[in-house]
Amino acid sequence: PGMKNEPVDRHSWFTIPVLPSSCARCTPTGSLYERPINLATAVSEHRNFRETLQAQGVRVHTVRGLLALDTDHDMRARLELEDFAFERLTYVLSSDSKPLTAQQEHFISDDYKRDAISAMSTDQLVEIVLTKPTVTLRKADKNTEMQTVNVTFEPLGNLVFTRDQQITTAKGIVMCRLSSPQRSDETRVLEFCFHKLGITPIGHIPAPGTLEGGDFIPCGDVSFVGVGLRSNQAAIDYLMDNDLLGHGSHRLAVVRDTCDQNQDRMHLDTVFNVVSDDVCLMSDNTVGLDAAFPRFVDEYSRDPATGKYTVSREKVEHAQYMRENGFAVIPIPAKFQLAYGCNVLNLGEGRIISVHADAARLLARYFTRAAERTGRPISIQVIPFRSITSMYGSVHCASCVLRRVHKPASSEE
């Protein structure tokens, strides 16, 4: 009792980012992708996703747009972007270079890098932020003073999935600490974007904690956090010890994956999602004690007088926990889950975006029958997203809520 579907405020933002750079696409598995992608198709699908959100009244920003915001007319914004690009660009001298003269030393100095950056266009600066180039140089024998040996990049190839760099609680934004080294710089980029919107995070997950936003699903007075392949207990402890979930979240349900921890089910939102005040989706191979990959809930309750959390329940099978809290559980076949049938995006007010037609049919049939009893309409829109799901994520992963409005258990949507 007390759980409520918690849609975003209609005036809040989803941050929709750039797609991966060419260098990230060269080695799909090394970039945490499931399979090779067609960038042109991915760009088209992504554009359609943004347009779908906008048609639903959602205000949409892109990461590129936020990085560049106001730089065309505000010198402070321009300098902030230049400073960020300065951090992301590195000059190094090749180990086989001949000794440099004092004049030549200037061309690998911070002063020279600053001069180069100040002459760049906004688009160039944004590209540097997103690809983190390292330029290796040596002394030239003729023509210019220096010769470029090579340029290497550390592209943010997973920045299309903006769910993971932070969680948004009723209290504010908490910056996460991602578990994969390929993604470690993403939180810095998203925090810069939040700064451009005037948003200051209320916390940062410290080491050894790891937390990714795909493991966080708020639901009224309870917040679900998955612990397994990507997120750990140290991050959960930090959230509770610093009371970062907000006063409306009286319970924290830690959904533990102790026997699976597979990339196909890496985050909680790949196997579980809340679609209304009393309905949730679960991959059928995680439902029940005899399931192939069961999840178990440890519940922590917050003392309103002290703000401290203590364990109130332990090792409750996840589907049982949901049913005991008044939810119907719709089992999604495992083969649908593998195609992101559970990874829907709930916009609130009965509006859902899905990428899997057969899973959407199951959901639509359920709500059609339920509407005869409740009278609550629901809209489920299926959009093409195959090229982006090839990168191991879907519409829930590829969106970021920047503000939530807590709904008490007695309120109506």
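Here we summarise the structure given alongside this text. On a predicted model such as this, the values are computed, not experimentally measured, just so you know.

All right, on to unusual backbone geometry then. A cis amide bond, omega 5°, links Ala207 with the succeeding residue Pro208. Relative to the elements of secondary structure, Pro208 occurs in the loop between strand E8 (203-204) and strand E9 (216-219). You will see that Asp70, though not glycine, has its phi angle at about 70°, which is positive. Within the secondary structure layout, Asp70 lies in the loop between helix H3 (63-68) and helix H4 (75-88). Given the relative accessible area of 31%, Asp70 is considered partly exposed. Of note, Tyr392 is a non-glycine position whose phi angle comes to about 75°, a positive value. Here Tyr392 shows up in the segment after helix H13 (386-389). Look at Tyr392 and you get buried, because its relative accessible area is 18%.

Another aspect to go through is the packing of aromatic side chains. Under the defined criterion, the tally for this structure stands at seven aromatic pairs. For the pair Phe107 and Tyr112, a centre-to-centre distance of 5.0 Å together with 80° between the ring planes defines the contact as edge-to-face. The partly exposed category is assigned to Tyr112, whose relative accessible area is 31%. Cation over ring: Lys113 sits above Phe86, and NZ or CZ is 4.0 Å from the ring centre. A cation sits over an aromatic face here: Arg188 above Phe84, 4.3 Å from the ring centre.

Definitions and cut-offs
Residues numbered from 1 in each chain as written. Predicted model: local features only at pLDDT ≥ 70, side-chain atom pairs only at ≥ 80, totals over all residues. Heavy atoms only, no water. Helix = DSSP H or I, 4+ residues; strand = E, 2+ residues; numbered from the N terminus. Buried < 20%, exposed > 50% of the residue type's maximum accessible area, 1.4 Å probe, protein only. Phe/Tyr/Trp six-rings, centres within 6.5 Å; stacked < 30°, edge-to-face > 60°. Lys NZ or Arg CZ within 6 Å of the ring centre and 35° of its normal.

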